[in-house]
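Here is how the chains run, residue by residue.
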Amino acid sequence: MFGFIIALIGIALLLGVAFLMSNDKKNINFKAIIIMIGMQLFISWLLLSTSGGLKVIETVSKAFEKLLSYGYEGINFVVGGWIPEGGSPFFVNVLLPVVFTAALLSLLTHLKILPYTIKYLGGLLSKVTGLPQVESFNAINSVFFGQSEAVLAIKSQISNLNKNRLFIVSTSAMASVSAALIASYMTMLPAKYVLVGVILNMFSGLIVASIITPVKATKEDSEIVVKDMIHTKNVFEAIGTGAIDGGKVALIVASMLIAYLALLALLNGVFDSIFGMDLTTMMGYVFSPIAYLMGIPSSEILTSGSIMGTKLLSNEFAAILQLQPLLDELSVKASAILSTFLVSFANFSSIGIITGSVQAINGAKAKEVSGFGLKLLLVATMASLLSATVVGLFV
């Protein structure tokens with residue numbers, strides 16, 4: 001019960017900090033904020049605390065496992081002979097399935113199944129909360145696609161977005177993850193927290209960003225153009241483009257992990273030799289108070305803070321690899337909170353990705369994004385903290 005109260009205080013403090021950071025406190029849409037927090041609490045309770053919800057999670061998890069099994073058919077054909085008996089290479093088991101899931105998403109996009117689903121879900125969210133259609137659509141869209149694709153899907157509206165609206169759109173993209181990677185996350189983290197985290201982050205990005213940079217829906221609000229999401233001419237091009245994009249993602253993530261993990265090891269060695277304490281441990285002390293306010297038991301806040309710091313400095317995969325061997329040692333609450341926190345793109349490298357995506361559409365708007373890059377990272381991280389803390393209330 002004490003941890004529950006601490007977590008509630010943590011949520012209140014986080015929202016309070018967001019309010020103090022707001023650049024237009026008079027126009028904050030408190031109705032939308034309350035509705036979305038209520039939806040987060042209801043969804044978390046439903047999926048984590050009821051037999052029906054747990055059954056849904058189990059069914060979806062099995063569906064992803066089945067999906068991965070199809071992906072492994074192609075993987076085993078190409079690289080099966082390279083893997084020694086009993087071997088489990090990270091690149092093969094975790095990253096290569098992204099090629100298949102990306103191709104599938106691309107196919108569903110070309111067939112207009114995903115675009116119209118996202119458009120109508122975004123429209124429903126807009127009506128329920130009163131937020132503009134573009135921001136609502138982008139929040140839903142960011143659940144399915146990576147940061148670059150999410151921004152490109154609203155390219156016809158980018159030039160009409162003021163700084164506040166552009167900030168919310170960018171936050172949603174950074175606070176979410178690509179559906180192509182969800183199956184990969186589920187091979188390393190408890191599936192139920194990955195799935196719940198993906199849903200909650202959609203709301204958290206909107207909640208925190210809408211407090212800090214408020215916007216209002218108007219009658220002149222831009223219509224969502226579905227064709228902005230479709231960049232292929234036929235089914236075969238869609239599959240090929242998706243597969244190539246998935247391959248690029250796998251190689252990019254692998255390259256970044258090699259670089260970040262090696263550099264992190266180097267920095268740990270340098271800091272340890274100079275200060276008698278490595279950088280990872282230092283980050284643990286920095287994030288420990290935050291971990292405590294999220295409801296993580298005090299005996300585990302240093303370890304948890306270290307993992308959170310790793311995610312911020314490098315990326316979610318590096319932090320997940322740090323957390324994975326500790327899942328059986330940590331408490332259920334700490335594992336749930338950390339697993340949820342890690343399911344987002346909120347890290348330093350994402351600033352460049354989002355800025356580059358906007359640059360491809362509108363150079364002037366890209367300068368605005370680069371101008372609030374660090375603030376964007378802070379707010380996206382706050383969104384991850386909110387989602388993780390909410391999950392902790394029901395574990």
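Residues numbered from 1 in each chain as written. Predicted model: local features only at pLDDT ≥ 70, side-chain atom pairs only at ≥ 80, totals over all residues. Heavy atoms only, no water.

Student: Help me out: how do you make sense of unusual backbone geometry in this one?
Tutor: Where the residue is not glycine, phi is negative for most of them; where a peptide bond is considered, it is trans in most cases. Despite not being glycine, Lys112 has its phi angle at roughly 70°, a positive value. Summarising the element assignment, Lys112 is placed in the loop between α5 (97–110) and α6 (113–129). (Helix = DSSP H or I, 4+ residues; strand = E, 2+ residues; numbered from the N terminus.)

Student: Mind showing me how you'd approach helix α3 (residues 51–79) here?
Tutor: The α-helix advances 3.6 residues per turn, and as a result positions three or four apart in sequence lie on the same side. End to end, α3 covers 40 Å across 29 residues, agreeing with the expected 42 Å (1.5 Å per residue, within 8%). Where α3 bends most, at Tyr72, the angle is about 25°. For α3, the full list of buried residues reads Gly53, Ile57, Ser61, Phe64, Leu68, Gly71, Ile75 and Val79. Considering only its buried residues, α3 is in contact with α2 (30–49), α4 (90–95), α5, α11 (179–186) and α12 (191–212). (Expected span 1.5 Å × (residues − 1). Bend = angle between axes of the 7 residues up to and from the residue. Buried < 20%, exposed > 50% of the residue type's maximum accessible area, 1.4 Å probe, protein only. Contact = heavy atoms within 4.5 Å.)

Student: Any chance you could explain helix α20 (residues 373–392) here in plain terms?
Tutor: If you check α20, its first and last C-alpha atoms are 29 Å apart, about what 20 residues at 1.5 Å a residue would give, namely 28 Å. Judged by how many residues are buried, α20 sits mostly within the fold: 17 of 20 residues are covered.

Student: I keep staring at the packing of aromatic side chains and nothing clicks. Help me out?
Tutor: In this description, a pair of aromatic rings is defined by centroid distance and the angle of the planes. Within this structure, the stated rule accounts for five aromatic pairs. Measuring from ring centre to ring centre gives 5.0 Å for Phe167 and Phe372, while their planes differ by 70°; the resulting arrangement is edge-to-face. Highlighted residues: Phe167 in helix α10 (residues 163–175) and Phe372 in the loop between α19 (363–371) and α20, separated in sequence by 205 residues. Sitting over the face of the ring of Phe341, Lys311 holds its NZ or CZ atom 5.2 Å from the ring centroid. If you follow Lys375 out to its NZ or CZ, it ends over the ring of Phe167, 5.5 Å from the centre. (Phe/Tyr/Trp six-rings, centres within 6.5 Å; stacked < 30°, edge-to-face > 60°. Lys NZ or Arg CZ within 6 Å of the ring centre and 35° of its normal.)

Student: It is not clear to me how the packing of helix α15 (residues 301–313) against helix α17 (residues 332–342) should be interpreted in this structure. Could you clarify?
Tutor: Two measures define how a pair of helices packs: the angle their axes make with one another and the distance between the axes. Closest axis-to-axis distance for the α15/α17 pair is 11 Å, and the angle between their directions is 10°. Classed by the angle they form, the pair α15 and α17 counts as roughly parallel. Residue-level inspection shows Ser304, Ile307, Met308 and Lys311 of α15 in contact with α17, the latter providing Ala334, Leu338, Phe341 and Leu342. Its residues assigned to classes, the contact of α15 with α17 comprises six nonpolar, one polar and one charged. (Axes fitted to C-alpha atoms, helices over the stretch in contact; angles between N-to-C directions. Parallel < 35°, antiparallel > 145°, perpendicular 65-115°, else oblique. Nonpolar A, V, L, I, M, F, W, Y, C, P; charged D, E, K, R; others polar.)

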